[in-house]
Amino acid sequence: MEVTKEHIKKLLNKPGPVTDLLAMAEKKTGLDRMILLGLGITFLTFWLCLGYGAQLICGVIGFLYPAFESVKALHNADTNIEKRWLTYWVVFAFFHVLEFFSDHLVWWVPLYWLAKTIFLVWCMAPINQNGSA
């Protein structure tokens, strides 16, 4: 658990737009980045569980970071990274097509939007266990 915590702390201090946003929030609130991250994840989880606007939140989470990384991959010209993000977009599009045809059924599945968001975050994570790294 400590190893994971240290790895997350290292990622939260890595330069980038999320780090800049966390630094600004940390400065204004006086709370540690880990606490801010935990509060944000807790808030989003409850929002996805309640269902109101969950489809929008799931779509935004599943789109913003992968879109940013896809543009970076195109400029990087590394075919492995391009292939990884292209695979992600195929999975993302599959979900949208599936939801188009089963829109009314999706609302009957408990916590569907939370499960979909967790799955998409798992797909975009740079780990070996999901086939992306």
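For the structure, check the block above.
Read on for an overview of the structure.

So, how was this worked out
Residues numbered from 1 in each chain as written. Predicted model: local features only at pLDDT ≥ 70, side-chain atom pairs only at ≥ 80, totals over all residues. Heavy atoms only, no water. Helix = DSSP H or I, 4+ residues; strand = E, 2+ residues; numbered from the N terminus. Buried < 20%, exposed > 50% of the residue type's maximum accessible area, 1.4 Å probe, protein only. Contact = heavy atoms within 4.5 Å. Areas by Shrake-Rupley, 256 points an atom, 1.4 Å probe, with all protein chains shown as cover. Lys, Arg positive; Asp, Glu negative; His and termini not counted. Charge placed at Lys NZ, Arg CZ, Asp CG, Glu CD. Expected span 1.5 Å × (residues − 1). Polar contact = N/O pair within 3.5 Å; in protein donor to acceptor, adjacent residues only side chain to side chain. Salt bridge = Lys/Arg side-chain N within 4 Å of Asp/Glu carboxyl O. Axes fitted to C-alpha atoms, helices over the stretch in contact; angles between N-to-C directions. Parallel < 35°, antiparallel > 145°, perpendicular 65-115°, else oblique. Phe/Tyr/Trp six-rings, centres within 6.5 Å; stacked < 30°, edge-to-face > 60°. Lys NZ or Arg CZ within 6 Å of the ring centre and 35° of its normal. Disulfide = S-S within 2.5 Å.

**A few points about the overall build of the chain**
And step 1. Check the secondary structure of the chain and you find seven helices and zero strands.
And step 2. For the C-alpha atoms alone, the extent of the chain along its principal axes is close to 45 × 40 × 25 Å.
And step 3. Out of the 133 residues belonging to the chain, those deemed buried represent 28%.
And step 4. Sequence separation of at least 24 residues holds for 45% of the intrachain contacts in the chain that already meet a minimum separation of 6.
And step 5. Accessible surface, the chain as shown: approximately 9800 Å² in total, 73% of it carbon and sulfur.
And step 6. Considering the chain, the positive charge centre built from 11 side chains and the negative charge centre built from 10 side chains are found 4 Å apart.

**Comments concerning helix α2 (residues 17-29)**
And step 1. In this model α2 runs 18 Å from its N-terminal to its C-terminal C-alpha over 13 residues, within 8% of the 18 Å that 1.5 Å per residue would give.
And step 2. Once α2 finishes, Gly30 follows within two positions and takes phi at roughly 80 degrees, a positive value.

**Notes on unusual backbone geometry**
And step 1. For Leu111, which is not glycine, the phi dihedral falls at a positive 55 degrees.
And step 2. In this fold, Leu111 is placed in the loop between α6 (103-106) and α7 (112-124).

**A short note on the side chain of Ser70**
And step 1. Tracing the sequence through the fold places Ser70 in helix α4 (residues 54-76).
And step 2. Within the local environment of Ser70, its side chain forms a polar contact with the side chain of Trp89, the two groups lying 2.7 Å apart.
And step 3. Not counting residues up to four positions away in its chain, the partners in contact with Ser70 are Trp85 and Trp89.

**A closer look at the pattern of salt bridges**
And step 1. In this structure the tally under the stated criterion is three salt bridges.
And step 2. The salt bridge involving Lys72 is made with Glu69; its shortest N-O contact spans 3.3 Å. Taken together, the residues span about one helical turn, with Lys72 and Glu69 both in helix α4 at a distance of three residues.
And step 3. A relative accessible area of 43% means that Lys72 is categorised as partly exposed.

**Thoughts on the packing of α4 against α7**
And step 1. Contact geometry of α4 with α7 gives a least axis separation of 9 Å together with a crossing angle of 5 degrees. Between α4 and α7, the angle is such that the two are roughly parallel. Across the interface between the two elements, Ala54, Gln55, Cys58, Ile61, Gly62, Tyr65 and Pro66 from α4 touch Trp113, Lys116, Thr117, Leu120, Val121 and Met124 from α7.

**What to know about the packing of aromatic side chains**
And step 1. The tally for this structure, following the rule as stated, stands at 12 aromatic pairs.
And step 2. With centroids separated by 6.1 Å and ring planes inclined at 75 degrees, the aromatic side chains of Tyr65 and Trp85 adopt a geometry described as edge-to-face. With Tyr65 in helix α4 and Trp85 in helix α5 (residues 79-101), this pair connects stretches of sequence that are 20 residues apart.
And step 3. Classification of Tyr65 as partly exposed rests on a relative accessible area of 39%.
And step 4. Among the aromatic residues, those joined into a ring-pair cluster are Phe63, Tyr65, Trp85, Tyr88, Trp89 and Phe92.
And step 5. In this structure, Lys116 is placed above the aromatic ring of Phe92, and the distance from its NZ or CZ to the ring centre is 5.9 Å.

**Considering the state of the cysteines**
And step 1. Per the stated rule, a full pass over the model turns up zero disulfides.
And step 2. Its sulfur unpaired, Cys49 is 12 Å from the next cysteine sulfur, which belongs to Cys58.
And step 3. Classification of Cys49 by relative accessible area gives partly exposed; the value is 34%.
And step 4. Cysteine Cys58 is unpaired, with the sulfur of Cys123 as its nearest cysteine sulfur at 11 Å.

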